[in-house]
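Here is how the chains run, residue by residue.
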Amino acid sequence: MLFVMAIALFAAKPRLLLLKVYKDQNISGWVMSEKLDGIRAYWDGRHLISRSGKIIHAPKWFLKGYPPFPIDGELWTKRGDFDHIASIVNDEVPGDGWKQIKHYIFEVPGAKGDLFSRLTKVRPFVNEHIEIIKQIPVKSRAQLMLFLKEIEAKGGEGVVVRDPKAPYIARRTGRALKVKSFLDTECKVIGYNKGKGKYEGMVGSLRCQLPNGVIFSVGSGLTKLQRLHPPAIGSIITFQYKEWTKSGKPRFPVFLRVRR
């Protein structure tokens, strides 16, 4: 019974395009788009799958008309709505909240050709639930920074810049970069620090470990509800930070979300 349930909840972890960080690289001839703060969703031709390999239980009516080939994108509603999106997408019994969701596509994994050739394959399948993210040619660094400023002023997460001539790359690559005023990365929750003062009786901060073994704490960004019911030990969270200290710890870390 447990084995059958595991099959229903998990699929093979997809090998996806992942972003590196923009550090003033030469992006002449590249394109840019808004980085949507939603839930990453890979369609394998049969199921929607999260980045970590969990099957996303979308309604049958939502998936009607999906292509027979893989597509990759973000389940999203609007800026600043991540918690609401997650509550809809994480529900194993899909509800009416899915009527607010769209799948914004930025890749066609495994397809041949450049970025625009790959995305062209999706056009016949665009409908009320599927949309292709608009790619804007980058003319200068100044234009990129102005676009970033506009997106962040509206409450957006940041910008993605990509080399449109690059083939599909199923790993972290320097030909696709994230651009933000603040950096972000991921860590594993390994414990909790007790809260003090107004947070007494709650979690004060999360004890986290980076992939390189460095341990630090994240408290800023946690809501009261999250302090009462913190991310589970072993879960992966995304946090924002300003820079790295000499000891390899993030400076001014701020909790953003739990990775699904």
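A few points on the structure. (Residues numbered from 1 in each chain as written. Predicted model: local features only at pLDDT ≥ 70, side-chain atom pairs only at ≥ 80, totals over all residues. Heavy atoms only, no water.)

**What about the overall build of the chain?**
- The number of helices and strands found in the chain is 6 helices and 18 strands.
- For 260 residues, the compact-globule estimate of 2.2 N^0.38 gives 18 Å, and the C-alpha radius of gyration of the chain, at 19 Å, lies within 12% of that figure.
- The C-alpha extent of the chain, read off along each of the three principal axes, is 55 × 55 × 30 Å.
- Counting every position in the chain, which comprises 260 residues, the buried fraction comes to 47%.
- Within the chain, contacts between residues at least 6 apart in sequence are counted, and of these 68% link residues at least 24 apart.
- Carbon together with sulfur atoms contributes 55% to the accessible area of the chain, which is approximately 14,100 Å² in total.
- Within the chain, one finds 45 positive and 23 negative side-chain charges whose respective centroids are separated by 5 Å. (Helix = DSSP H or I, 4+ residues; strand = E, 2+ residues; numbered from the N terminus. Rg over C-alpha atoms; globule rule 2.2 N^0.38 Å. Buried < 20%, exposed > 50% of the residue type's maximum accessible area, 1.4 Å probe, protein only. Contact = heavy atoms within 4.5 Å. Areas by Shrake-Rupley, 256 points an atom, 1.4 Å probe, with all protein chains shown as cover. Lys, Arg positive; Asp, Glu negative; His and termini not counted. Charge placed at Lys NZ, Arg CZ, Asp CG, Glu CD.)

**Some thoughts on helix 3 (residues 82-89)**
- Looking at helix 3, one finds that the buried residues are Phe82, Ile85, Ala86, Ile88 and Val89. The buried residues of helix 3 occupy an angular sector of 160° when the element is viewed end-on, so they sit on one face.
- Looking at the packing, one finds that the buried side of helix 3 touches strand 3 (39-43), strand 5 (55-56), strand 6 (71-76) and strand 18 (254-258). (Arc of directions from axis to C-beta.)

**Here we look at the pattern of salt bridges**
- Inspection of the entire model under this criterion finds 16 salt bridges.
- We note a salt bridge from Glu157 to Lys180, for which the minimum N-O separation is 2.7 Å. In this pair, Glu157 is assigned in the loop between helix 5 (141-153) and strand 10 (158-162) and Lys180 in the loop between strand 11 (172-179) and strand 12 (183-194), connecting sequence segments 23 residues apart.
- The class for Glu157 is buried, based on a relative accessible area of 14%. (Salt bridge = Lys/Arg side-chain N within 4 Å of Asp/Glu carboxyl O.)

**With respect to the side chain of Arg40**
- Along the chain, the position of Arg40 falls in strand 3.
- Here the side chain of Arg40 touches Leu17 through a polar contact of 2.8 Å, landing on its backbone oxygen.
- A distance of 2.7 Å separates the side chain of Arg40 from the side chain of Asp72, its partner in a polar contact.
- Not counting residues within four places of it along the chain, the set of residues in contact with Arg40 comprises Leu16, Leu17, Leu18, Ile49, Ser50, Arg51, Ile56, Asp72, Gly73, Glu74 and Phe106. (Polar contact = N/O pair within 3.5 Å; in protein donor to acceptor, adjacent residues only side chain to side chain.)

**What about the environment of Pro124?**
- With respect to the helices and strands, the residue Pro124 is situated in the loop between helix 4 (115-120) and strand 8 (130-132).
- Under the relative-accessibility criterion, Pro124 is labelled exposed at 65%.

**Structural notes on the side chain of Gln226**
- Tracing the sequence through the fold places Gln226 in helix 6 (residues 224-228).
- A relative accessible area of 18% places Gln226 in the buried class.

**Some details on the sheet that holds strand 12**
- Taking strand neighbours across the sheet as the criterion, the 5 strands line up as 14-13-12-15-18 in an open arrangement whose pairing is antiparallel. Edge positions in the sheet fall to strand 14 (215-218) and strand 18, since each of these pairs with one other strand and no more. On average, adjacent strands in this sheet sit at an angle of 45° to one another, irrespective of strand direction.
- Relative to strand 18, strand 15 (residues 236-241) is paired through 4 bridges, and the arrangement is antiparallel. Note on strand 18: the bridge partner recorded for Gln240 is Val254. (Pairing = 2+ DSSP bridges. Axes fitted to C-alpha atoms, helices over the stretch in contact; angles between N-to-C directions.)

**Here's the deal with the sheet that holds strand 9 (residues 136-137)**
- Pairing in this open sheet of 5 strands is mixed, and the strands run 1-11-10-2-9 from one edge to the other. Where the open sheet ends on each side, the last strands, each with one partner, are strand 1 (18-21) and strand 9.
- Where strand 2 (residues 31-35) meets strand 9, 2 bridges bridge the pair, whose relative direction is antiparallel. Residue Val31 lies in a different strand from strand 9, and its bridge partner there is Pro137.
- Where helix 5 meets the sheet, its contacts fall on strand 2, strand 9, strand 10 and strand 11, and the angle it forms with strand 10 comes to roughly 145°.

Everything listed is a geometric property; what it means functionally is a separate question.
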